[in-house]
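Structural characterization, general
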Amino acid sequence: MSLSGALSSAISALNAQSSSLAMISDNISNSDTTGYKTTSAMFEQLVTASSSSQSYSSGGVSVSGRSNITQQGLLASTTNATDVAIQGSGFFVTANSTTAGGDTFYTRNGAFTTDNVGYLEDNGYYLEGWRTDASGNITGTSLEPINTEVALTNGGATTKTSISANLPADATTSSTFSSSTTVYDSLGDAHTLNINWTKTGNNTWTAQMSSADGTVSTTAPASDTYDVTFNTDGSLDTVTTAGQSTSNPLSITWNNGAATSSITMDFGTTGGGTNGLTQLSSGSTSPDVSNFKANSDGISFGTLSSVSVGKDGVVDATYSNGQTIPIYKIAVATFADPNGLVAHSGGMYTSTATSGDATLQTSGENGAGTIYGSELESSTTDTTGQFSNMISAQQAYSAASQVVSTVNKMFDTLISSMR
């Protein structure tokens, strides 16, 4: 019985070390795989029966693999603007379909690229996130596959124009001066808005608006003319239009079919403010409007030119007009027991009863890791350590095989003695 027990124990050692070598082989093979987590061989004693000082019952050994899923890999910079990595806890959320009904997977492999229809994907797994507005605020509660073509074009009508200038106090009454600025319609087309400044008396002026590309309404409460008064120290006092106590927006009907624009004109702070319009002497024999500046919130038409992921998992779209706006925010999934996840090919995992359900967080919130763009998480394989483990496995395997050979000889001796 003891010989058979020794043989059984040695065979279990051969099987266990074979499995251990397979895990080591996988680890070494994936030493350059993005987001790969090493698997460690965990050996456990097998006991077949109780042993005592008078007798011994051999058992053997069993082995199981333990994936070190929570181990952090080093982050390495890349030249791909849609590569992402997590420093800390959590996983990216992916789906194997862009339509409803697809299966959900989790991964630390952030090597995502834009496919031919605009989705961020990696080998058929589509990165998911929340849709945002132009200010980066999340607009929905449900995750969706990130489609970078949700806004292929970009442009916006001007709704506010801020004017800053000094009107010459030493100009004669009825003197007229011209300034201009650029505004945009609903189609993203640029138009020149002309401003004619006319001095109507001491400390009083008018500002008349016009555009060769459209008609400025003169129908109350809208008006093409603003009445401007200044205090005796040259600061702005009041701005009125169409007899109203406050200035009304410009209403401009464009000739190109764009929607009628309503533009609020901001001439600065009244009652002694330093921004906006002032009326100070020019000190020149030929007075003119000076220090003219105009800022408008509109933007010209642009097409999507590139997509990138910034810190905190914000997906930014950059357009040919130079504007960059956020379109998505990437989600981070955390688990009560990440090591309870089930591994799949491609660095993907699925949840189990052991891991618990995913809790969705934004980057860096509530214990979730921080997302970094243009970086990837390296494999956690330490090849030096794996070679050391491989030598140990080889030595243990050789030793177990010697036990098998020894038991075989002892059986031969036993059989010979019975002849």
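These remarks concern the structure in this document. (Residues numbered from 1 in each chain as written. Predicted model: local features only at pLDDT ≥ 70, side-chain atom pairs only at ≥ 80, totals over all residues. Heavy atoms only, no water.)

Comments concerning the overall build of the protein
What counts here: The helix count covers DSSP runs of H or I at least four residues long, the strand count covers runs of E at least two residues long, and both are numbered beginning at the N terminus. For the radius of gyration, the atom set is restricted to C-alpha positions; the globular benchmark scales as 2.2 Å times the number of residues to the power 0.38. Residue exposure (1.4 Å probe, protein chains only): buried if accessible area is under 20% of the type maximum, exposed if over 50%, otherwise partly exposed. Only heavy atoms enter the contact rule, under which two residues are in contact if any of them lie within 4.5 Å. Computed with a 1.4 Å probe, the accessible areas rest on the Shrake-Rupley method; for each residue, only the protein chains presented here act as cover. For the purpose of counting charges, residues Lys and Arg are taken to be positive, whereas Asp and Glu are taken to be negative. His and the chain ends are not included. By convention, charge coordinates are those of NZ in Lys, CZ in Arg, CG in Asp, or CD in Glu.
Scanning the protein from terminus to terminus reveals two helices and 31 strands. Computed over the C-alpha atoms, the radius of gyration of the protein is 37 Å, more than 25% above the 22 Å expected from 2.2 N^0.38 for a compact globule of 419 residues. Looking at the protein as a whole, 39% of its 419 residues qualify as buried. Here the analysis covers contacts within the protein between residues at least 6 apart in sequence; of these, 63% occur between residues at least 24 apart. With the model as given, the accessible surface of the protein reaches about 20700 Å², and the carbon-plus-sulfur share is 47%. In the protein, the 11 positive side-chain charges and the 32 negative ones have mean positions that sit 13 Å from each other.

Examining the nonpolar core
Spelled out, the test is: Take the buried Ala, Val, Leu, Ile, Met, Phe, Trp, Tyr and Cys residues and link them wherever side-chain atoms come within 4.5 Å; each set so joined is a nonpolar core.
Membership of the largest hydrophobic core comes to 27 residues, with the highest contact counts inside it found for Trp197, Met209, Leu250, Met265, Phe267 and Leu277. Broken down by secondary-structure element, the contributors of at least two residues to this core are strand 12 (160-168), strand 13 (176-184), strand 14 (190-201), strand 15 (204-210), strand 17 (225-230), strand 18 (236-240), strand 19 (250-254) and strand 20 (261-266). If you look at the next biggest cluster of nonpolar residues, it comprises 20 residues, including Val84, Ala151, Ile325 and Ala368.

Some words on the sheet that holds strand 13
The cut-off we apply is this: Whether two strands pair depends on DSSP finding at least two bridges between them. The axes used here are C-alpha line fits, helices contributing only the stretch in contact, and every angle between their N-to-C directions lies in the interval 0 to 180 degrees.
On the basis of which strands lie adjacent, the open sheet formed by five strands has the order 13-14-15-17-18 and antiparallel pairing. This sheet does not close on itself; its edge strands, each paired only once, are strand 13 and strand 18. Sheet twist, expressed as the average angle between the axes of neighbouring strands with direction ignored, equals 25 degrees. One ladder, built from nine bridges, connects strand 13 with strand 14; its direction is antiparallel. Looking at the pairing, threonine 181 lines up with leucine 193 of strand 14.

A short note on the packing of aromatic side chains
To be explicit about the condition: Working definition: a ring pair exists when centres of Phe, Tyr or Trp rings (six-membered ring for Trp) sit within 6.5 Å. Plane angles under 30 degrees give stacked, over 60 give edge-to-face, the rest tilted. A ring is scored as having a charge over it whenever the NZ atom of a lysine or the CZ atom of an arginine sits within 6 Å of its centre and within 35 degrees of its normal.
Under the counting rule described, the total for this entry stands at eight aromatic pairs. Pairing phenylalanine 92 with phenylalanine 112 gives two aromatic rings, centres 6.1 Å apart and planes at 90 degrees, and the pair type is edge-to-face. With phenylalanine 92 in strand 5 (residues 91-95) and phenylalanine 112 in the loop between strand 6 (104-107) and strand 7 (113-114), the pair connects residues that are 20 residues apart, well separated along the chain. On the accessibility criterion, phenylalanine 92 (0% relative accessible area) is buried. Using a relative accessible area of 0% as the deciding quantity, one classes phenylalanine 112 as buried. The structure contains a cluster of three or more aromatic residues connected by ring pairs, namely Phe91, Tyr106, Phe335 and Tyr349. When the ring centre of tyrosine 328 is taken as reference, the NZ or CZ atom of arginine 131 above it lies at 5.5 Å.

Some points on the pairing of strand 6
Inspection of the sheet shows strand 5 paired to strand 6 by four bridges, in the antiparallel sense. By the bridge assignment, phenylalanine 92 is partnered in strand 6 with threonine 107. The pairing of strand 6 with strand 28 (residues 348-350) spans two bridges and is classified as antiparallel. Pairing of tyrosine 106 across the sheet is with tyrosine 349, part of strand 28.

Such coordinate-based values are descriptive only and should not be taken to indicate function.
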